[in-house]
Amino acid sequence: MKAVVAGVGLIGGSVGLALSELGWDVIGIDTDKKHLQTAINMNAIKRGITPTHLDKMGEVDLAVVATPVHAIADVVGRLLTSGARVATDVGSVKGPIAAAVPDPRFVPGHPMAGNEQHGLSGASADMFCEATWALTPTLSTDDASFTEVHEIVTTLGARPIVMPPDRHDALVAIVSHVPHLTAATLMCLAAERSEEHQAVLRLAAGGFRDMTRVAAGHPSIWPDICVQNKAAIVEVLDRFIVELTDLRGVVADADADRLLAQLEAARHARRNLPTTAPHAENLSEMRIPVSDRKGEIASIASLAADLNVNIYDLEIAHSSEGPRGVIVMLVETASVGRMHAGLVTRGYRPGVRTLD
């Protein structure tokens, strides 16, 4: 299998390392020839080319675009034209990119992974192990392309979750973009106070360090992200300001009971964040007969996301007797009931068997 990774930085380099460990022949594309040579030296890619020499790429099975967000749509289009059979990206904003590339072979994606390091020095083959990897197919996305990207993401150790591009952008504004801006703001506030009181940063304990950890990430990607996802980020910031104002009132009124209730609710939500995949004996196979038409897999996968059901594996078996097939997916046995009910409500007739 051959792949091309456009942008061999932290995430692109990690994709290259992970694919190389699985035996893929990986080509790197970058504007900086030194980055390409470094990637070759660390076995993230086998050879490198610059964006002006895409004619040297040849046919590849997979293209992964890890460039800055504003450039992704253009690069995806060029790679698909230059010989890539299927393409995906790793940008943290999906709506504008999905709208700009209606090609059925493109499956927009976003791995929720990374660290505070910058560039290839922080790349790791296990970067995506147990990480959530959002896939945001559109109505034009080909089912076969989606299934292939879903399978590859799974082989990298990630846990794919599927949702529409606009919903992805609204959610990452809450769980990623605004938290980063909040951490940066709090860090700047502490730094300003430290000029007045030298002991402030020396008193920084675990809670402060945990909350501001993401502020140590490289800042260069964030202006681009905030421009591309401006509407969703502003909406969440507005809601956050309202909630903080409400919390200020609770503290100012010394309303201990209400404050305790809010903190308990937050503690409960935090302790119930999703964890890693269950053992095989806790999984069930769902087989869902479907019409062989575009968008069926994306529709069912999006339903799973709505119902908070994680799909641990997925494939489609086409029928040789007509335009129909069967979607086969593995889900946690404890989630089968609500997934089954959701499918039946939408007119599907799923079958279920446990793996124990």
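The structure presented is a predicted model; accordingly, all values stated were derived computationally and were not measured. (Residues numbered from 1 in each chain as written. Predicted model: local features only at pLDDT ≥ 70, side-chain atom pairs only at ≥ 80, totals over all residues. Heavy atoms only, no water.)

1. Section: the layout of surface pockets
(1) Moving on: Computed from the structure, the second largest pocket encloses a volume of approximately 200 Å³.
(2) Moving on: Lining the second largest pocket, in full, are Thr182, Thr185, Leu186, Met211, Leu237, Phe240, Ile241 and Leu244.
(3) Moving on: Only helix H6 (165-196) and helix H9 (230-252) provide two or more residues apiece to the lining of the second largest pocket.
(4) Moving on: For the lining of the second largest pocket, the element with the most residues is H9, which contributes 4 residues.
(5) Moving on: Looking at the lining of the second largest pocket residue by residue, the class counts come to 6 nonpolar, 2 polar and no charged. (1 Å grid on protein atoms, 1.4 Å probe; cavity = no way out; pocket = protein on both sides within 12 Å on 5 of 7 lines; lining within 4 Å. Points joined across faces, edges and corners; volume = space filled by probe spheres on them. Helix = DSSP H or I, 4+ residues; strand = E, 2+ residues; numbered from the N terminus. Nonpolar A, V, L, I, M, F, W, Y, C, P; charged D, E, K, R; others polar.)

2. Details of helix H12 (residues 336-345)
What sets the pattern is the α-helix's 3.6 residues per turn: residues three or four places apart point alike.
(1) Moving on: Among all positions of H12, only Val336, Met339, Gly342 and Leu343 are buried. Angularly, the buried residues of H12 cover 135° about the axis, an arc narrow enough to put them on a single face.
(2) Moving on: Here the buried face of H12 lies against strand S10 (283-291), helix H11 (296-306), strand S12 (324-332) and strand S13 (351-354).
(3) Moving on: One or two steps after H12, the chain reaches Gly347, where phi turns positive at roughly 95°. (Buried < 20%, exposed > 50% of the residue type's maximum accessible area, 1.4 Å probe, protein only. Arc of directions from axis to C-beta. Contact = heavy atoms within 4.5 Å.)

3. Section: helix H3 (residues 69-82)
(1) Moving on: In this model H3 runs 20 Å from its N-terminal to its C-terminal C-alpha over 14 residues, within 8% of the 20 Å that 1.5 Å per residue would give.
(2) Moving on: For H3, the complete set of buried residues consists of Val69, Ile72, Val75, Val76, Leu79 and Leu80.
(3) Moving on: Trailing H3 by a residue or two, Gly83 shows a phi angle of about 130°, which is positive. (Expected span 1.5 Å × (residues − 1).)

4. A word on the packing of aromatic side chains
(1) Moving on: Per the stated rule, a full pass over the model turns up 1 aromatic pair.
(2) Moving on: For the ring pair Phe128 and Trp133, a centre distance of 5.0 Å and an interplane angle of 55° mean the geometry is tilted.
(3) Moving on: Overall, Phe128 belongs to the buried group, its relative accessible area being 0%. (Phe/Tyr/Trp six-rings, centres within 6.5 Å; stacked < 30°, edge-to-face > 60°.)

5. Examining the nonpolar core
(1) Moving on: Formed by 53 residues in total, the largest nonpolar core has its most connected members in Leu19, Trp133, Ile300, Met329 and Met339.
(2) Moving on: Take this core: its biggest share by element is 6 residues, from helix H1 (residues 10-21).
(3) Moving on: Residues contacting Ile300, with those up to four places away along its chain left out, are Ile288, Val290, Ile327, Met329, Met339, Leu343 and Tyr348.
(4) Moving on: The next biggest cluster of nonpolar side chains, apart from the first, holds 24 residues, and it includes Val4, Val75, Ala87 and Ile225. (Core = buried A, V, L, I, M, F, W, Y, C linked by side-chain atoms within 4.5 Å.)

6. As for the packing of H9 against helix H10 (residues 256-271)
(1) Moving on: At a closest axis distance of 8 Å, the pairing of H9 and H10 adopts a crossing angle of 140°. Our classification of the angle between H9 and H10 gives oblique. Our pair here, H9 against H10, has a crossing hand that is left-handed. For the pair H9 and H10, contact is made by Asp246, Leu247 and Val250 and by Arg258, Leu259 and Gln262, respectively.
(2) Moving on: Class assignment for the residues of the contact of H9 with H10 results in 3 nonpolar, 1 polar and 2 charged. (Axes fitted to C-alpha atoms, helices over the stretch in contact; angles between N-to-C directions. Parallel < 35°, antiparallel > 145°, perpendicular 65-115°, else oblique. Left-handed = near helix turned anticlockwise from the far one by under 90°.)

7. Comments concerning the sheet that holds strand S1 (residues 2-6)
(1) Moving on: Taken together, the 6 strands give an open sheet; going across it, the order is S3-S2-S1-S4-S5-S6, and neighbouring strands pair in parallel fashion. Every interior strand has two partners, whereas the edge strands, strand S3 (47-49) and strand S6 (106-107), have only one.
(2) Moving on: Across 3 bridges, strand S4 (residues 62-65) lies against strand S5 (residues 87-89) in parallel orientation. Looking at the pairing, Val65 lines up with Asp89 of S5.
(3) Moving on: Against the sheet, helix H2 (residues 33-41) makes contact with strand S2 (25-29) and S3, and its axis sits at roughly 165° relative to S3, the strand it touches most. (Pairing = 2+ DSSP bridges.)

8. A word on the sheet that holds strand S9 (residues 159-162)
(1) Moving on: Strand order in the open sheet formed by 3 strands is S7-S8-S9, with mixed pairing between adjacent strands. Sheet topology places strand S7 (109-111) and S9 at the edges, where each strand pairs with a single neighbour. Each strand axis lies, on average, 20° off the axis of its neighbour in the sheet, ignoring direction.
(2) Moving on: Of the pairings in the sheet, the one linking S7 to strand S8 (residues 132-135) comprises 3 bridges and is antiparallel in character. Looking across to S8, one finds that Gly109 is bridged to Leu135.
(3) Moving on: Of the strands in this sheet, S8 and S9 touch helix H5 (residues 143-155), which is tilted by about 170° from S8.

In short, the description is geometric, and any link to function would need to be established separately.
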